[in-house]
Amino acid sequence: MSDEAKRKPAKRPRAEMPCQDPAERVRNFNEVALGYDEELAVAEAERCLSCKDSKCRDGCPVDVDISGFIAKIRDRDFRGAYEAIKGTNSLPAICGRVCPQETQCEAKCLLGRKGEPIAIGRLERFAADWAMSQGKDRPADIKPNGRRVAIVGSGPAGLTCAGDLAKKGYEVTIFEALHAPGGVLVYGIPEFRLPKRIVAEEIDNLRALGVNIQCDVVVGRTITVDELFDEGYDAVFLGTGAGLPMFMNIPGETLNGVYSANEFLTRTNLMKAYLFPEWDTPIKVGRRVAVVGAGNVAMDSVRCAKRLGAEEAIIVYRRSEAEMPARLEEVHHAKEEGVIFHTLTNPVRILGDEKGWVCGLECLRMELGEPDDSGRRRPIPVKGSEFVLEVDTVVMALGTTPNPLVSQTTPGLEVNRWGCLVTRDEDGLTTRDLVWAAGDAVTGAATVILAMGGGKKAAAAIDRVLRG
Amino acid sequence: MFEILKKRDLTPVTKLFVVEAPLVARKARPGQFVIVRVTESGERIPLTIADYDAGAGTVTIVVQEVGLTSRLVGALGEGERILDFVGPLGRPAPLTDRGPVVLVGGGFGVAPIYPIAKVLKTKGVKVISIIGARTKDLLILEEEMRSVSDELLVATDDGSKGHKGFVTDVLKQLIESGREIEEVIAIGPMVMMRAVSRTTEPYKLRTLVSLDPIMVDGTGMCGACRCTVGGEVKFACVDGPIFDAHQVDFDEAVRRGHMYDAEQKLALAKLEVAATGGRGGCACGGGR
Ligand SMILES: Cc1cc2nc3c(=O)[nH]c(=O)nc-3n(C[C@H](O)[C@H](O)[C@H](O)COP(=O)(O)OP(=O)(O)OC[C@H]3O[C@@H](n4cnc5c(N)ncnc54)[C@H](O)[C@@H]3O)c2cc1C
Ligand code: FES
């Protein structure tokens, strides 16, 4: 037995995640992190201290019994582990891949005080993938209760709400504006981070529960919320997300070669521009691509750019690395893939050539000043530090706000000054009776798990109210 | 859903389709558009609504075969289905109660002008329509337009029908003749709308145009459809597509419309190869 293996499991470093080699993976869109096999998963699970009063669970927005499912993996009861997670989290294969564990459950892990916290996300993914490899969940026995609920939007909030209500016997219809369900999970997050077959599988599971999904329906245009009630729906849930892209309002943003991250990612992921011309939707990626921002959206964009053939893919961010909002793993993977980081750098102008195509990004260097409202140190421009990054594509990944199509066409539905739907209680009841909302549409751009948690609460509230 | 109930060849490259789409038909208004997709690996493209009938549950679209997807749509026949057909999108055209209104339709732009004329007519507004094309055979919907216009003027570039020259020549004559005109609505190729805008601007004559930029989602989510109007960036799919012509930065709109020309060529070449059974080149056989 090697020295390492003889050490107490808790003292061992985390089991490393097998990954595609960086040099290889920048040339394909296949999943980067390959997942633990049974041995790695059990070895990692053995590190868990099984704390009596485990703190990790408090860090989970949907209250997954974390030490419980990890103990089951340790005991090789993989089915049991999966079921323990499924009790409160209906999309574990997705959450295991995209949740920001380092700021949630893993941040609370005792092991993290001295060494590395237990790899909760990777174990969650393992249990979910294991269960998927064993075949479909058998659909639960459902007794229809004769009531109908309309769900608007098929992102994680809508999917979760739909699933919970369907299991309780409601006749659920999801209305989705795009031609495919999944929300950000299909149009935003790239294949190499979240394979679309996993999202498709979760959606198949919902259909097996009897959920009806109607794509190509833009609520507010094709049909209004009031008309949904007229058609006999007893309640409406709004999970419309935060889909409107923000721009910087600097000169040059309408030049050819400037994209919002939403457009760049939608072309790439939903429309599969990386398979052009086999697939019909094109995308323009120059030799040097600058992505402005440093959240998950920016990391996804810059890593897509690299895979789409950019020789240099550059992150331009006005704060420092410590403030980057992206998941740690994404920044780490981006670096491995050769992404260049220009931190403390703020764009002031996009330069175009005589034909109106992007040829440069003029930036200012920044330094960090006093903390601002968000607690992060405020970046301030360094006078006279202008310089030009020569690039031929610019992607703006600055954040998004909710789409006003529904609020503008639903009398009595109030939004706050950021365009987010106002809710009257914890469950997501909006300012209209019998209309609930959750996810990014309420919180502004946030996370998959918060959207799911919100969808879950709303489902419980809808059930309570409709049953009277 | 989205079955093609009727197809009519308006010209060799312009096809009219009556599509079964009851939800869209119920809500459609003049000036709005739909987004369609015809194959699983297909693009999403916007098409302006050319007519609608809520009772029958149908929406009419007119497609000019220019790019890959418009050709794929054009090749569909009666009884076939359009995979995705979503709408109505965009804001309805703001239609005045005070005429006379001059409607200008260039090329396949006559199609989206038609429902505008129809509604204006039912409102009792006087409509003078000017429709044009390169040549007589490319002129579309002449009879339909005549039936909903108080006056119909025709222009062809080659003079094969009506006035020889551009629709803008006819428009200018009309304005110069001192006729009362409340506003002008022009729909057609970007360069034609730019020409109309330049024609009416010196007269400070209120003019609306319908922009047709490249789009992806059509719901305000991507910003592909950005255009500059009155110095501000607008999303044509939700803020438009109809804008005050004199505020529109047409040069930018034209330039952005050409963003994927190279890719479009590549995609069309692929289509040709497929059509010639993978042999490539032209299908006449003369090369062999
Ligand atoms: C590129 C990217 C990467 C991300 N990475 C992560 C990550 O790693 N981890 C993480 O936790 N979070 C991540 N996020 C955030 C996360 O995806 C979102 O917080 C989450 O998807 C929100 O879920 P939702 O259900 O509220 O909305 P969405 O997922 O946005 O879904 C809303 C759906 O509603 C539809 N819709 C909108 N309006 C209408 C209408 N009027 N009628 C019908 N349908 C409508 C939309 O088309 C969409 O499908 C990322 C986001 C992006 C964009
Ligand atoms: S087409 Fe995407 S925002 Fe207009």
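The following refers to the structure shown. Each residue is numbered by its place in its chain's sequence as written, counting from 1. Going through the entries in the order they are written, you letter the chains from A and number the ligands from 1. Side-chain atom pairs in this predicted model are given and counted only at pLDDT of 80 or more, local residue features only at pLDDT of at least 70, and totals for whole chains, interfaces and linings cover all residues. Derived side-chain values reflect all non-hydrogen atoms in the structure, with water molecules and hydrogen atoms excluded from consideration.

### Points about helix α14 (residues 296-307) of chain A
Residue and element names in this part refer to chain A.
Right, so step 1: Across its 12 residues, α14 extends 16 Å between first and last C-alpha, which sits within 8% of the 16 Å expected from 1.5 Å per residue.
Right, so step 2: Classification of residues uses two cut-offs on accessible area relative to the type maximum, computed with a 1.4 Å probe and protein chains only: under 20% is buried, over 50% is exposed, and between them is partly exposed. In this description a helix means any DSSP run of H or I spanning at least four residues, a strand means any run of E spanning at least two, and both kinds are numbered starting from the N terminus. By the burial criterion, the buried members of α14 are A298, M299, D300, S301, V302, R303, C304, A305, K306 and R307.
Right, so step 3: Two residues or fewer past α14, G309 is found with a positive phi of approximately 110°. To estimate the expected span of a helix, subtract one from its residue number and multiply by 1.5 Å.

### Concerning the packing of helix α3 (residues 38-46) of chain A against helix α4 (residues 66-74) of chain A
Residues and elements named next belong to chain A.
Right, so step 1: Across the interface, α3 lies against α4 with an axial gap of 8 Å and an inter-helix angle of 125°. By the angle class used here, α3 and α4 are oblique. α3 and α4 meet at a crossing whose hand is left-handed. Residue-level inspection shows A41, V42, A45 and E46 of α3 in contact with α4, the latter providing I70, I73 and R74. For helices, the axis comes from a line fit to the C-alpha atoms of the stretch in contact; other axes are also lines fit to C-alpha atoms, and the angle between any two N-to-C directions lies between 0 and 180 degrees. An angle counts as roughly parallel when it lies under 35 degrees, as roughly antiparallel when it exceeds 145, as roughly perpendicular when it falls between 65 and 115, and as oblique in every other case. Two helices cross in a left-handed way if the nearer one is turned anticlockwise from the farther one by less than a right angle. They cross in a right-handed way if the turn is clockwise. When checking whether two residues touch, look at their non-hydrogen atoms; a contact exists if any pair is within 4.5 Å.

### Some points on the pairing of strand β4 (residues 235-238) of chain A
Side chains on a regular strand alternate between the two faces of the sheet.
Residue and element names in this part refer to chain A.
Right, so step 1: Alternating positions in β4 separate into two faces, A235 and F237 on one and V236 and L238 on the other, with burial throughout.
Right, so step 2: Between any two strands, at least two bridges found by DSSP are needed for them to pair. Strand direction decides the pairing type here: strand β1 (residues 148-152) and β4, joined by four bridges, are parallel. For I151, the partnering residue across the bridge sits in β4 and is F237.
Right, so step 3: Summarising the sheet, β4 and strand β16 (residues 435-437) pair through three bridges and their orientation is parallel. Counterpart to F237 in the pairing with β16 is W436.

### Concerning the packing of helix α13 (residues 261-270) of chain A against α14 of chain A
All names here are of chain A.
Right, so step 1: Across the interface, α13 lies against α14 with an axial gap of 10 Å and an inter-helix angle of 50°. By the angle class used here, α13 and α14 are oblique. Relative to α14, α13 is oriented so that their crossing is left-handed. Contacts between α13 and α14 involve A261, F264, L265, T268 and N269 on the former and, on the latter, V297, D300, S301, C304 and A305.
Right, so step 2: Under the scheme applied, nonpolar residues are Ala, Val, Leu, Ile, Met, Phe, Trp, Tyr, Cys and Pro; charged residues are Asp, Glu, Lys and Arg; polar residues are all the others, including Gly. Looking at the contact of α13 with α14 residue by residue, the classes come out as six nonpolar, three polar and one charged.

### Quick look at the environment of R206 of chain B
Residues and elements named next belong to chain B.
Right, so step 1: In this structure, R206 sits in the loop between α6 (190-200) and β12 (207-210).
Right, so step 2: The residues contacting R206, other than those within four sequence positions of it, are P94, E182, E183 and V184.
Right, so step 3: As used in this structure description, the phrase polar contact means that two N or O atoms lie within 3.5 Å; if the pair is within protein, one of them must be able to donate a hydrogen and the other to accept it, and residues adjacent in sequence are counted only when both atoms belong to side chains. Of note is the side chain of R206, whose polar atom sits 2.7 Å from the side chain of E183.

### Re the sheet that holds strand β9 (residues 151-156) of chain B
All names here are of chain B.
Right, so step 1: With mixed pairing, seven strands are arranged side by side in an open sheet as β10-β9-β8-β7-β11-β12-β15. A single partner strand is all that each edge strand has here, and the edge strands are β10 (163-164) and β15 (242-244).
Right, so step 2: Those strands touched by α6 are β7 (101-106), β11 (183-187) and β12, and its axis lies near 165° from that of β11.

### Some words on the sheet that holds β1 of chain A
Residues and elements named next belong to chain A.
Right, so step 1: Sheet architecture is open: five strands sit in the order β3-β2-β1-β4-β16, paired in parallel fashion. Edge positions in the sheet fall to β3 (212-214) and β16, since each of these pairs with one other strand and no more. Each strand of the sheet is rotated relative to its neighbour by a mean of 20°, with strand direction disregarded.
Right, so step 2: Of the strands in this sheet, β1, β2 (171-175) and β4 are in contact with helix α9 (residues 156-167), which crosses β2 at around 165°.

### Digging into the pattern of salt bridges
Right, so step 1: In the sections that follow, a salt bridge refers to a side-chain nitrogen of Lys or Arg positioned within 4 Å of a carboxyl oxygen of Asp or Glu. Going through the model one piece at a time under the given rule, you end up with 56 salt bridges over all chains.
Right, so step 2: For D164 of chain A, the salt bridge goes to K456 of chain A, with nearest N and O atoms at 3.1 Å. Note that D164 of chain A is positioned in helix α9 and K456 of chain A in helix α18 (residues 448-467), a separation of 292 residues in sequence.
Right, so step 3: R194 of chain B serves as the salt-bridge partner of D251 of chain B, at 2.6 Å between the closest nitrogen and oxygen. Remark: R194 of chain B occurs in helix α6 and D251 of chain B occurs in helix α8 (residues 250-257); sequence separation between them is 57 residues.
Right, so step 4: The exposure class of R194 of chain B is buried, given its relative accessible area of 17%.
Right, so step 5: Connected through shared salt-bridge partners, R25, R193, D300, R303, R307, R327, E329, E330, E336 and E337 of chain A make up one network.

### So, the site of ligand 1
All names here are of chain A.
Right, so step 1: A cutoff of 4 Å decides nearness: a residue is near a molecule or strand if any of its heavy atoms lies inside that distance of it. Around ligand 1 there are 35 residues in total, and V98, E176, R193, V219 and D440 lie nearest to it.
Right, so step 2: Backbone polar atom of G183 to an oxygen atom of ligand 1: 3.5 Å apart, as the coordinates give it.
Right, so step 3: For ligand 1, an oxygen atom lies 2.8 Å from a polar atom in the side chain of D440.
Right, so step 4: The Shrake-Rupley method, run with a 1.4 Å probe sphere, supplies the accessible areas, and residue values consider only the shown protein chains as cover. In isolation ligand 1 offers 990 Å² of accessible surface; the protein chains occlude 94% of this area.
Right, so step 5: Mapped onto the shell around ligand 1, the elements with two or more residues apiece are α9, α14 and α18.
Right, so step 6: Counting residues per element, the shell around ligand 1 draws most heavily on α14, which supplies three residues.
Right, so step 7: Across the shell around ligand 1, the residue classes break down as 19 nonpolar, 11 polar and five charged.

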